[in-house]
Amino acid sequence: MEREDLFQIRLLTTHYKTFLNHSQLLTEEMKGSLLGDLGGMYLSLGKHGKAKQVLQDALLKLDANDKHQNKSHAKRAQALAYLGNAYGDLGNYEEAKDF
């Protein structure tokens, strides 16, 4: 990944965190979606522990939403794939296989 790309990703993480701070304006599905994207960005930046934490939060929100509406399957699949990568990058290969 190019240096400029990493810079842009760092900027985006700041914007995503700002959006998430306005949680009263967001549905649970929106929060889960934003957290899933943020987790993917943390993976790209090499922040695997942070990515794991954020992706687990994303899945909790997406799973809770999914019980009421069946809209978030693609975002849930993406978060699961990212979470599997995070576990693998952290050396938790057995847990990574579950994803």
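From a predicted model like this one, the values you see are computed outputs, not experimental measurements.

Caption draft 1: Summary view of the confidence of the model for the chain. Looking at the chain as a whole, its pLDDT mean stands at 89, while 92% of the residues score no less than 70. Looking across the chain, the model is least confident in helix α5 (residues 93–97), with a mean pLDDT of 77, and most confident in helix α2 (residues 28–44), with 95.

Caption draft 2: Layout of the side chain of Thr13. Mapped onto the secondary structure, Thr13 falls in helix α1 (residues 3–20). Excluding residues within four positions of it along the chain, Thr13 makes contact with Leu38, Met41, Tyr42 and Leu45.

Caption draft 3: The arrangement of the nonpolar core in detail. Within the largest apolar cluster, 21 residues are counted, with the highest numbers of intra-cluster contacts made by Leu20 and Leu38. For this core, the secondary-structure elements that each account for two or more residues are α1, α2, α3 (48–66) and α4 (73–89). Element by element, the count of residues in this core is highest for α2, at 6 residues. If we skip the residues at most four places from it in the chain, Leu38 touches Thr13, Tyr16, Lys17, Leu20 and Val54.

Caption draft 4: Molecular detail of the packing of α2 against α4. Running from N to C, α2 and α4 point in directions that differ by 30 degrees, and their axes come no closer than 9 Å. Here α2 lies roughly parallel to α4, going by the angle between them. Handedness of the α2/α4 crossing: left-handed. Residues Ser33, Gly36, Asp37, Gly40 and Leu43 of α2 form the contact with α4, whose own contacting residues are Lys75, Gln78, Tyr82, Asn85, Ala86 and Asp89.

Caption draft 5: Region of interest: a positive patch on the surface. Taken together, Arg3, Arg10, Lys17, Lys47 and Lys50 make up a surface patch of like positive charges. Among the elements that make up the positive patch, the one with the highest residue count is α1 (3 residues). For Arg3, the position within the fold is in helix α1. Overall, Arg3 belongs to the exposed group, its relative accessible area being 75%.

Caption draft 6: Up close: α2. Relative to the 24 Å expected for 17 residues at 1.5 Å per residue, α2 spans 24 Å between its end C-alpha atoms, a close match to the ideal helical length. Most of α2 is tucked away, with 13 of its 17 residues classed as buried. With its phi angle positive at about 80 degrees, Gly46 sits one or two positions after the end of α2.

What counts, and where the lines are drawn
Residues numbered from 1 in each chain as written. Predicted model: local features only at pLDDT ≥ 70, side-chain atom pairs only at ≥ 80, totals over all residues. Heavy atoms only, no water. pLDDT = per-residue confidence, 0-100. Helix = DSSP H or I, 4+ residues; strand = E, 2+ residues; numbered from the N terminus. Contact = heavy atoms within 4.5 Å. Core = buried A, V, L, I, M, F, W, Y, C linked by side-chain atoms within 4.5 Å. Buried < 20%, exposed > 50% of the residue type's maximum accessible area, 1.4 Å probe, protein only. Axes fitted to C-alpha atoms, helices over the stretch in contact; angles between N-to-C directions. Parallel < 35°, antiparallel > 145°, perpendicular 65-115°, else oblique. Left-handed = near helix turned anticlockwise from the far one by under 90°. Patch = residues over 30% accessible without salt bridge, like charges linked within 9 Å, V, L, I, M, F, W, Y side chains within 5 Å. Areas by Shrake-Rupley, 256 points an atom, 1.4 Å probe, with all protein chains shown as cover. Salt bridge = Lys/Arg side-chain N within 4 Å of Asp/Glu carboxyl O. Lys, Arg positive; Asp, Glu negative; His and termini not counted. Charge placed at Lys NZ, Arg CZ, Asp CG, Glu CD. Expected span 1.5 Å × (residues − 1).

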